[in-house]
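Here's the letter readout for the chains.
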Amino acid sequence: MRVLVTGGSGFLAAWVMRRLLARNVSLRAFDLRSDARLLGELAPRQAGEVEWMTGDISVASDVTRALQGCDGVIHLAGVLTPGCASDPVRGAQINLIGTLNVFDAARAAGLRSVLYASSAGVFGPDDGAQPHPETHYGAFKLACEGSARAYWNDCGIASIGFRPLVVYGAGRESGSSAGPSLACRAAARGEQYTIPFTGSTGLVFADDVAAAYEAALFTTAPGAHVFTLAGEIASVDTVIAQISALAPGARLDASGSALPIATEFPDDPMLARLLPGLPATSLEEGLRQTIAFYRTRQ
C-alpha cells in the first residue's frame, strides 16, 4: 500500500507518518517544501523511506500528480487560524479548494475513500454539539465537512474526518493553540514563556490523533463520517501546574482570552464502534513525553 500524506512537512503529518512507517506502509509526502526534520527526530530509522513531492495543494494539477500511483490519501495540508484570519481568500484556497482538489483527484484515481483533517474550530465557544464557527478557519473546515458528504452522495467516495481540539506534543510550535507545547519546550530549556490564552480547553496528545488516522486507514467505513477528538478537558492553570511539577523551576504563566471553542462535547458511540480501542494518553503523560523530547534536544 502506498499512501499520500498532504501537508507532509507539518507537525501532525510527522506523527502520522511515524505510525504508518512502523506498519511498513509506503509513503509519499506532499507539501510546498520538503522538510523531514521532525519526522527524522520521531522516526530516525525510517524517515528516509518517505518519498517527497513538492507542489501547491490549491493547484489541482499538482494534487493529481501527487496522488498518481497511490492507494490511499490522508489530507492534512492546511493553513491555521492566524493565517486564515490575515488572508481569508488564501485560507479558503488552501483549506477548502485544496480539500476539493484532493477529493477530485481521489475520484479520478479510482480511490473509494479519503481521510482528512477537520477541526474543533467548527464549533463556537458555547456549543460542542452543533457547529457554529467564529473564525474563518473554522468556517472553511465546516465547509470541507459538507463537501465530504456531497462527495459521498454524488460520487460514492467515503470519508473520515477528525476534529481534534488542541493537539500538543513534540514539534507543535505554530498556530494559535500551540501554547501548551511551547510551554513544555520552554520548561525543558529553563526559559520563561506565557501561554497566549486562558480558560479551559480540550488537549489531545499528537500520537493519539495519529493513531486515529492509522486506524481509519485500515477501516472500511461507507459514508461520510466526522468525529471530534476532545482529549482531556483542562484549564490552562492545570497545564501550567502539571508542567511545573514535571519540570520544577519552570517559569510559565498565561494571558489573553479563552479559545473560542466549546469545552463540552457529547459522546459519539459511532466512533467507538467504527474505531474501537483508540488510545487516550493522559495529559500528565503527554506533557511528560513532550518535555522529555525537548530535554534531549537542547
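Residues numbered from 1 in each chain as written. Predicted model: local features only at pLDDT ≥ 70, side-chain atom pairs only at ≥ 80, totals over all residues. Heavy atoms only, no water.

### Focus: the UniProt feature "domain: NAD-dependent epimerase/dehydratase" (unreviewed entry) in the protein chain
- UniProt feature "domain: NAD-dependent epimerase/dehydratase" (unreviewed entry): in the numbering of this structure it lies at residues 3-219.
- Structurally, residues 3-219 is divided into 45% helix and 20% strand, and its ends, taken at the C-alpha atoms, are 14 Å apart. (UniProt positions renumbered as here; feature names shortened; annotations may be inferred. Helix = DSSP H or I, 4+ residues; strand = E, 2+ residues; numbered from the N terminus.)

### Let's talk about the sheet that holds strand 6 (residues 158-164)
- Strand order across the open sheet formed by 7 strands is 3-2-1-4-5-6-10, with parallel pairing between neighbours. Each edge of the open sheet is held by one strand with a lone partner, namely strand 3 (51-54) and strand 10 (224-229). Pairs of neighbouring strands in the sheet enclose a mean axial angle of 20°, with direction left out of account.
- For strand 4 (residues 72-75) and strand 5 (residues 113-117), the ladder comprises 2 bridges, and the chain directions are parallel. Paired with His75 across the strands is Tyr116, a residue of strand 5.
- Helix-sheet contacts for helix 1 (residues 11-22) involve strand 1 (2-6), strand 2 (26-31), strand 3 and strand 4, and the interaxial angle to strand 2 is about 165°. (Pairing = 2+ DSSP bridges. Axes fitted to C-alpha atoms, helices over the stretch in contact; angles between N-to-C directions. Contact = heavy atoms within 4.5 Å.)

### Things to note about the packing of aromatic side chains
- One pass over the structure, following the stated rule, counts 8 aromatic pairs.
- Taking 6.2 Å as the distance between ring centres and 65° as the angle between the ring planes, the aromatic pair formed by Phe103 and Tyr116 counts as edge-to-face. Of the two residues, Phe103 is situated in helix 5 (residues 88-109) and Tyr116 in strand 5; the sequence distance between them amounts to 13 residues.
- Aromatic side chains Phe162 and Tyr213 sit 4.9 Å apart centroid to centroid with 80° between the ring planes, which places their arrangement in the edge-to-face category. Of this pair, Phe162 sits in strand 6 while Tyr213 sits in helix 8 (residues 206-217), and the two are 51 residues apart along the sequence.
- Given the relative accessible area of 0%, Phe162 is considered buried. (Phe/Tyr/Trp six-rings, centres within 6.5 Å; stacked < 30°, edge-to-face > 60°. Buried < 20%, exposed > 50% of the residue type's maximum accessible area, 1.4 Å probe, protein only.)

### A word on the pattern of salt bridges
- This structure, assessed with the given rule, holds 16 salt bridges.
- Its salt-bridge partner being Asp35, residue Arg33 comes within 3.8 Å of it at the nearest N-O pair.
- Under the relative-accessibility criterion, Arg33 is labelled partly exposed at 48%.
- Close ionic contact of Arg65 with Asp62 constitutes a salt bridge, the shortest N to O distance being 3.7 Å. Highlighted residues: Arg65 and Asp62, both in helix 3 (residues 60-67), separated by 3 residues, approximately one helical turn.
- Residue class for Arg65 comes out partly exposed when judged on its relative accessible area of 34%.
- Judged by its relative accessible area of 18%, Asp62 falls in the buried class.
- Connected through salt bridges with shared partners, the residues Arg18, Arg19, Arg23, Asp207 and Glu214 form a single ionic network. (Salt bridge = Lys/Arg side-chain N within 4 Å of Asp/Glu carboxyl O.)

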